[in-house]
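# Fold and contact review
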Amino acid sequence: MPQHLAQIALLVRDYDEAIAFFTQKMGFVLVEDAPLTPEKRWVRVCPPGGETCLLLARAATPEQQAFVGKQGGGRVVFFLHTDDFWRDYHTMRAQGVHFLEEPRHEPYGTVAVFEDLYGNRWDLIQPLQLESPQA
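The rules behind these values
Residues numbered from 1 in each chain as written. Predicted model: local features only at pLDDT ≥ 70, side-chain atom pairs only at ≥ 80, totals over all residues. Heavy atoms only, no water. Helix = DSSP H or I, 4+ residues; strand = E, 2+ residues; numbered from the N terminus. Rg over C-alpha atoms; globule rule 2.2 N^0.38 Å. Contact = heavy atoms within 4.5 Å. Lys, Arg positive; Asp, Glu negative; His and termini not counted. Charge placed at Lys NZ, Arg CZ, Asp CG, Glu CD. Disulfide = S-S within 2.5 Å. Buried < 20%, exposed > 50% of the residue type's maximum accessible area, 1.4 Å probe, protein only. Polar contact = N/O pair within 3.5 Å; in protein donor to acceptor, adjacent residues only side chain to side chain. 1 Å grid on protein atoms, 1.4 Å probe; cavity = no way out; pocket = protein on both sides within 12 Å on 5 of 7 lines; lining within 4 Å. Points joined across faces, edges and corners; volume = space filled by probe spheres on them. Nonpolar A, V, L, I, M, F, W, Y, C, P; charged D, E, K, R; others polar. Arc of directions from axis to C-beta.

### A word on the overall build of the chain
Summing up its helical and strand segments, the chain has three helices and nine strands in all. Along the chain, helices (α) and strands (β) appear in the sequence β-α-β-β-β-α-β-α-β-β-β-β when read from the amino end. The C-alpha atoms of the chain give a radius of gyration of 16 Å, which matches the 14 Å a tight globule of 135 residues would have. Taking contacts inside the chain between residues at least 6 apart in sequence as the whole, the part at least 24 apart equals 53%. Averaged over its 12 positive side-chain charges, the chain has a centre that lies 4 Å from the centre of its 18 negative ones.

Structure (structure tokens):
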């Protein structure tokens with residue numbers, strides 16, 4: 001039976017601020033926002049055309065709150081592939097996404113590191129096999 005990751009939990013401070021960041025600044029789609037209890041919601045966002053969603057999980061304990069923004073321990077923890085690096089890079093920058101470096105060409109493609117609203121590090125990557133000859 002084939003397998004794939006369906007969702008990955010991302011600790012957030014607040015559901016609504018996280019939804020706003022991912023949908024408005026990164027262009028993700030809000031797939032689901034369902035209340036479970038008065039304090040807890042089932043919130044999933046996904047890149048357009050993507051298969052794996054982020055499950056936005058509000059940190060509920062002091063231990064969980066300590067890990068908001070630190071899920072990768074200071075390393076890149078999420079890798080967002082795109083079919084058009086420059087389109088997404090310019091759109092995200094225009095929306096206020098903070099990139100930590102200038103884009104660079106690597107043997108595997110074009111990449112730049114950015115942070116989400118909490119400081120988790122992401123790579124925006126256009127894999128080499130998706131790059132046009134002019135890139």
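### Observations concerning the state of the cysteines
Here the structure, examined in full by the defined rule, presents zero disulfides. Cysteine Cys-46 remains unbridged, with the sulfur of Cys-53 as its closest cysteine sulfur at 3.8 Å. Residue class for Cys-53 comes out buried when judged on its relative accessible area of 6%.

### Things to note about the environment of Pro-48
With respect to the helices and strands, the residue Pro-48 is situated in the loop between strand 3 (41-46) and strand 4 (53-58). Separated by 20 residues in the primary sequence, Pro-48 and Phe-28 have C-alpha atoms spaced 5.9 Å apart. Apart from the residues within four sequence positions on either side, Pro-48 is in contact with Gly-27, Phe-28 and Val-29.

### Let's talk about the environment of Glu-51
Mapping Glu-51 onto the fold places it in the loop between strand 3 and strand 4. Residue classification places Glu-51 among the exposed positions, given a relative accessible area of 54%. The spacing of Glu-51 and Glu-115 is 64 residues in sequence and 22 Å in space, taken between C-alpha atoms. Not counting the four nearest positions on each side in its chain, Glu-51 is found in contact with His-4, Ala-6 and Cys-46. Of the polar contacts made by the side chain of Glu-51, one reaches the side chain of His-4; its length is 3.4 Å.

### A short note on the layout of surface pockets
There is about 590 Å³ of room inside the largest pocket. Around the largest pocket, the lining is made up of 28 residues, and of these Phe-28, Pro-47, Pro-48, Leu-80 and His-81 lie nearest the centre. Those elements that place two or more of their residues in the lining of the largest pocket are helix 1 (15-25), strand 4, strand 5 (76-81), helix 3 (85-94) and strand 9 (121-127). Counting residues per element, the lining of the largest pocket draws most heavily on strand 5, which supplies five residues. Split by residue class, the lining of the largest pocket holds 15 nonpolar, eight polar and five charged.

### Observations regarding helix 1
Of all the positions in helix 1, only Tyr-15, Ala-18, Ile-19, Phe-21 and Phe-22 are classed as buried. Buried positions in helix 1, seen along its axis, are confined to an arc of 165° and lie on one side of it. Of the surrounding secondary structure, the elements contacted by the buried residues of helix 1 are strand 1 (7-12), strand 2 (29-35), strand 3, strand 4, strand 8 (109-115) and strand 9. Near the N-terminus of helix 1, the side chain that reaches the backbone nitrogen of Asp-16, with its oxygen 3.0 Å away, is that of Asp-14.

### Let's talk about the environment of His-98
Following the sequence through the fold, His-98 ends up in strand 6 (residues 98-99). Under the relative-accessibility criterion, His-98 is labelled partly exposed at 45%. In this structure the C-alpha to C-alpha distance between His-98 and Val-113, which are 15 residues apart in sequence, comes to 8.8 Å. Not counting chain neighbours up to four residues away, the residues in contact with His-98 comprise Phe-114 and Glu-115.

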